[in-house]
Amino acid sequence: MGGKLPANHHALLSEGKEDETEIFGYKTHGFRRAACVAGYILSCGVLLLVFYWKPAWDVWANCVPCDLEEADVVLLRATDEFQRYTRKKVIWIDLLKLLGAEKPSRIFGTDKDCVISKAIMKPQMRVRYIQVQKIRYVWNISAKQFQRIGSLEDRNTCYEIHRKFGDGLTAQERDFQRLVCGPNTIEVEIRPVWKLLFKEILNPFYVFQTFTLTLWLAQGYTEYSIAIIILSVISIGLTVYDLRQQSIKLHNLVVEHNNVQVTAWIKHEGGRQMASSSLVPGDVILLEGQKHSLPCDALLLEGSCVINEGMLTGESVPVTKTPLPHTENTLPWKTHSVEDYRRHVLFCGTEVIQTKRSSKGPPRAVVLQTGFNTAKGDLVRSILYPKPLNFKIYRDAFKFILGLAMIGVLGLVYAACVYASNKQPVSDTVAMALLLLTVPVPPAIPAALTTGIVYAQRRLKKRRIFCISPQRINICGQLNLVCFDKTGTLTEDGLDLWGTIPCQGGSFQNVHSFSSGSPLPWGPLCVAMATCHSLLVLEGKIQGDPLDLKMFEGTGWEMEEASAEPSKTSTADSCTVIKPGPAASQASVEGIAILRQFPFSSSLQRMSVIVQELGKGSYDLYMKGAPEMVASFCTAETVPRNFVKELKVYTSQGFRVIALAQKALAMGEGADLDGLEREEVESGLTFLGLLVMENRLKSETKPVLEELTGARIRSVMVTGDNLQTAVTVAKNSGMISRSSRVILVEASEPEGSIPASISWQLVEDMHQHSGERKDLGVSIEDTAVPREFHFALNGKSYQVLLKHFSGLVPKVLLNGTVFARMSPGQKSSLVEEFQKLDYYVGMCGDGANDCGALKMAHAGISLSEQEASVASPFTSQTANIQCVPELIREGRASLVASFAVFKYLTLYGLIQFVGTSLVFWQIQIMGNYQYLIQDVCITLVVCLTMSLTQAYPKLAPYRPPGQLLSPPLLLSVVLNVCFTLIVQVCAFLLVRQQPWYSVVRSHRGCPLANQPLFPGLRNGTANSTAQHHRVLSYEDATLWPLVTINCLIVAFVFSKGKPFRRPIYTNYLFCIMLALQLGVTLFLFFADIEVIYRGMELLCTPMIWRVYLLVMLLALFAVSFFVEDAVLQNRRLWMLIKAVFRFRSSSQYRAWQRKLAQDVSWPPVNGREFAEPSKGEAYINPAYEDTDEK
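Rules behind the numbers
- Residues numbered from 1 in each chain as written.
- Predicted model: local features only at pLDDT ≥ 70, side-chain atom pairs only at ≥ 80, totals over all residues.
- Heavy atoms only, no water.
- Core = buried A, V, L, I, M, F, W, Y, C linked by side-chain atoms within 4.5 Å.
- Buried < 20%, exposed > 50% of the residue type's maximum accessible area, 1.4 Å probe, protein only.
- Helix = DSSP H or I, 4+ residues; strand = E, 2+ residues; numbered from the N terminus.
- Contact = heavy atoms within 4.5 Å.
- Salt bridge = Lys/Arg side-chain N within 4 Å of Asp/Glu carboxyl O.
- Patch = residues over 30% accessible without salt bridge, like charges linked within 9 Å, V, L, I, M, F, W, Y side chains within 5 Å.
- Areas by Shrake-Rupley, 256 points an atom, 1.4 Å probe, with all protein chains shown as cover.
- Axes fitted to C-alpha atoms, helices over the stretch in contact; angles between N-to-C directions.
- Parallel < 35°, antiparallel > 145°, perpendicular 65-115°, else oblique.
- Left-handed = near helix turned anticlockwise from the far one by under 90°.
- Nonpolar A, V, L, I, M, F, W, Y, C, P; charged D, E, K, R; others polar.

1. A word on the nonpolar core
Reasoning step 1: Core analysis: the biggest nonpolar cluster contains 94 residues, and Tyr904, Leu905, Phe920, Val942 and Met946 have the highest contact counts within it.
Reasoning step 2: A per-element tally of this core places helix 30 (residues 883–920) first, with 16 residues.
Reasoning step 3: Among residues more than four places away in sequence, those in contact with Leu905 are Pro442, Ala444, Ile445, Ala448, Thr939 and Cys943.
Reasoning step 4: Counting 43 residues, the second largest nonpolar core, distinct from the first, contains Ile453, Ile473, Leu705 and Leu708.

Right, dumping it as structure tokens:
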């Protein structure tokens, strides 16, 4: 790859988006390709296997760099920290057969500037594309880059969409689009078993394991090899079965999507029934008939629809969709609708439950996105291609295994030298050297490392917590910050009506309490509550948002669906009519018709309706929403002067407060309401009053948050609710202690010449006499800065902070506890910002608007079972936050178990390596049955039972170590290896000094303690004419019990209980098996039964020598246990060592904490700062910029 690379060799795919990828162009080189094929043959497929593991090497070896325009192969590199490579082939589409003599300009008469039009290579009439993670990218010849297709381009204005696509596409346009864009399907292949099997078998470790087992079988070590083969087959079989089941479940989730019948409007032809798989972007579909699932993302052009978006939001609440306006302007349609464009979009996978005709006929929608470009497709892609885990234990494990392999290489050299110096045959030398190479790397490592996770997953399942990403269980053991949604997560889902505070003449009136039992008095406030909602009558039942439902029920009115009004009024919606019910107060009207809705939007924080009293010609507009927002649309004289103070009285007590307003519209009867924009009518309103609703904490919330605080795990609230309400809920739940101060952070965008600013206000709870209301006021103090403080801010301030005050972001996040009025995109951005500070972040939400954050967090826990939660790693069927500490407990126990098993297997391999190396010294090896007892009867059983110890019920105030390559763990391994080395070498040398020692070549009886079995052969050999025995020796008879019982010692020593797991004696199966193994080993050692000794290929030694060995083992156990428990696992000792050597955590948040601890001016109180021009726009978080929920 030497020389200068072509200019357009490298580019970015999906630049600035979540799936941004680097792309490199390559062209296959004939000579290189031939050389690689020869290499495949000569290496017996090893080179091919290496290229399978390293696709980048494959491309570099077979191809030469070239311009992307000429490439037939592209190499993709992820832009994340993992930088994984993927190889993709460039595919050609031949359009001549389809187009014939037809000019492309005629096919794209309506949209000559579209990407597809610019992708046609003339005169060959061909299109180049690549497919990356189910998405097609065509080569744009003019832009000289690969661009995503399968969507209508966002550059179109509202007017252009109506003009270009309002009448649908011609049949030829549709055929062309389908050929280039592909079918409108979300195909999830049920992966064949053979593919899954090969992928699993070709894992590098299993390849090494195959090499090891082949070698052992060649050496006659059949029993253990067969045991490992059986275990591996079971492990691989279970993995393949699990992957296959997941594949089937995902296939079944989307299979119905691909088999929907739709009616498409073909230009010049009219409506035509067709399969949804043939839809293309730009098609117009007619929405009528029974309930059905949407097979694509579509933009509503005419009529209106009621949609169940539970698949996306996790809430099965009907949502009303309105048509895209015909507005003539130059802004792209999404920009024109700002963040509220979603109200016009019908998302794939959501269910149409009701349609409402327009004056032009049935509802019509233009296909916006197809296949995997859709909302549902994106959800499925997030499951198929999950974000890779960045957890040090897995990287450290790989490094650790490489270290063990290096020790194996040293063993190989040692064995080769020993056998060569003793003039052994070359075949024996090679075989023994390779055998010693494999000893330090136990083949059971892959299966053993997953046992702790599997057991933890089973225990979580019993607690109704389900996991689709088991590897994340270990990560849960490292969580030190958890973000919580408020409504439905910390508080109850439903709201209870508390009261209303009517407003007349610009002042608040007496509170009407719903607990009094008296009906709500008739008046404008009652009308607003009865009409200003998005409720529907579906199948005879009123359905909709729980808040709207509660509010409507409080009026005592009833609802019914009526037929469409005559064209002289509104035909955009079929009218919903509400009438006074038996429980309502007496009203002066027969009923009220809701003629037009301007739906609620989280970005606009309001909704409005246009209504008409039955029998009258005048129209009224009613609005409800966030109090501050509604008040801004009212005339100043109608808003009470004490509005802010009165609002804080209730929000400070945790109440949910909604404001209502009204306006009489100056329009005559028969006015066209369809063409009205909300901006035309939402002004000059009369303030009607406040509706106060109570949102109670769930009973589990406070104890759980107290438990997390006790475990030093930060809790953060991320909600779309009012800031004051959120602060109060945080205090009532214990998230903010009563002794702590709250600092409100308010940031403002630049206005004209005034730069962006940020202010800090200290909030103080002013407790009055018991029984009186608490008021939340601003206390202006110049006294000392509070020691314990929490920042609270809203989504708008968070946005300004990211854009204009990048230097303050980590400072605010360190103590930021309440984030209110946060959009879905901002929630995801916040989680990402916490992760940048090296926090391990958990996110717990009910699924509504939390999907992005649930996917972004290290551990996302959904309390919803809707389809939206599929992308969340964890789902709890118990709808409260009790699942969070449960998950952390199991995560900690699983992590500690994984470390323990890993340490045990490392020590087991090294203990066996030392013993084997010593017997190699005299050209011998331990017997097959000796190895079999160590490998199968002890190690496999230990690995399968050690992780059964359950999690400790109380969360410790610190986390378990998250690194394998940490000083305590490395010291534990090194010291235990040293102890083993000392004991085994001493025993090896001492046995040769015993008076009864001799070199034997066959089984004999037990020698006496003070003389050899064959006098006169002390320095010679017994039966010297016999052939040298590969196993029998007093050294082997001495080392085997030391190695075997040493394995049991480290198994016991490493099975630590508290503080993350229950005591070892609670793991009954492990204790019983350990005692049984020790008993059997001691029996074999002390039995003096010749049949057993012959079978085990052991020599009998004097009883006194066996007692000496037992004493040595007891001393080894005592030293090992003391060092592990009293030194290496002594947290206080390590904290002291860190203090003495001034060790500092490298985590970003720790570094900032140390820095701010020295800053006497932090936190700022009752101050204001302005952004410096040089720092303005210095930091724009892409995760925030794309605020749409993916």
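So, next bit.
2. Comments concerning the environment of Thr719
Reasoning step 1: Structurally, Thr719 is set in the loop between strand 34 (714–718) and helix 25 (723–733).
Reasoning step 2: Taking relative accessible area as the criterion, Thr719 reaches 1% and is therefore assigned buried.
Reasoning step 3: Along the chain, Thr719 and Thr487 lie 232 residues apart, while their C-alpha atoms are 7.5 Å from each other.
Reasoning step 4: Contact partners of Thr719, with chain neighbours within four places excluded, come to Asp485, Lys486, Ala726, Phe819, Ala820, Arg821, Met822 and Lys827.

3. What about the pattern of salt bridges?
Reasoning step 1: Counted according to the given criterion, the structure contains 29 salt bridges.
Reasoning step 2: Two residues, Glu189 and Lys195, come together in a salt bridge whose shortest N-O distance is 3.9 Å.
Reasoning step 3: Of the residues examined, Glu189 reaches a relative accessible area of 44% and is grouped as partly exposed.
Reasoning step 4: Across the pair Glu560 and Lys579 runs a salt bridge, and its minimum N-O distance is 3.5 Å. Residue Glu560 is found in strand 27 (residues 557–561), and its partner Lys579 is found in strand 28 (residues 576–580); the two are separated by 19 residues along the sequence.
Reasoning step 5: A relative accessible area of 26% means that Lys579 is categorised as partly exposed.
Reasoning step 6: Put simply, Arg459, Arg463, Glu707, Glu886, Arg889 and Glu890 are held in one network by salt bridges that share partners.

4. Considerations on unusual backbone geometry
Reasoning step 1: Following Lys1058, the chain continues to Pro1059 via a peptide bond in cis, the omega torsion being 5°.
Reasoning step 2: Relative to the helices and strands, Pro1059 resides in the loop between helix 33 (1034–1053) and helix 34 (1068–1086).
Reasoning step 3: For the peptide bond that leads from Trp1162 to Pro1163, omega is 5°, which places it in the cis range.
Reasoning step 4: In this fold, Pro1163 is placed in the loop between helix 38 (1148–1157) and strand 43 (1167–1170).
Reasoning step 5: Phi at Arg821 takes a positive value of approximately 50°, unusual for a residue other than glycine.

5. Thoughts on the environment of Ile307
Reasoning step 1: As for its position among the elements, Ile307 is in strand 15 (residues 304–308).
Reasoning step 2: Taking the relative accessible area as the measure of exposure, Ile307 reaches 0% and is therefore buried.
Reasoning step 3: Separated by 46 residues in sequence, Ile307 and Ile353 have C-alpha atoms that sit 5.7 Å apart.

6. Structural notes on a nonpolar patch on the surface
Reasoning step 1: Taken together, the side chains of Leu217, Ile226, Ile229, Ile230, Val233, Ile234 and Leu238 present a nonpolar region at the surface, about 620 Å² in accessible area.
Reasoning step 2: Structurally, the position occupied by Ile230 is in helix 11 (residues 222–255).
Reasoning step 3: A relative accessible area of 48% places Ile230 in the partly exposed class.

7. Here's the deal with the packing of helix 31 (residues 928–945) against helix 34
Reasoning step 1: Direction vectors running N to C along helix 31 and helix 34 enclose 165°, while the axes themselves pass 9 Å from each other. The pairing of helix 31 with helix 34 is recorded here as roughly antiparallel in orientation. Crossing hand, helix 31 versus helix 34: left-handed. Residues Ile933, Cys937, Ile938, Val941, Val942 and Thr945 of helix 31 form the contact with helix 34, whose own contacting residues are Leu1069, Phe1070, Met1073, Leu1074, Gln1077, Thr1081 and Leu1084.
Reasoning step 2: Broken down by class, the residue content of the contact of helix 31 with helix 34 amounts to 10 nonpolar, three polar and no charged.

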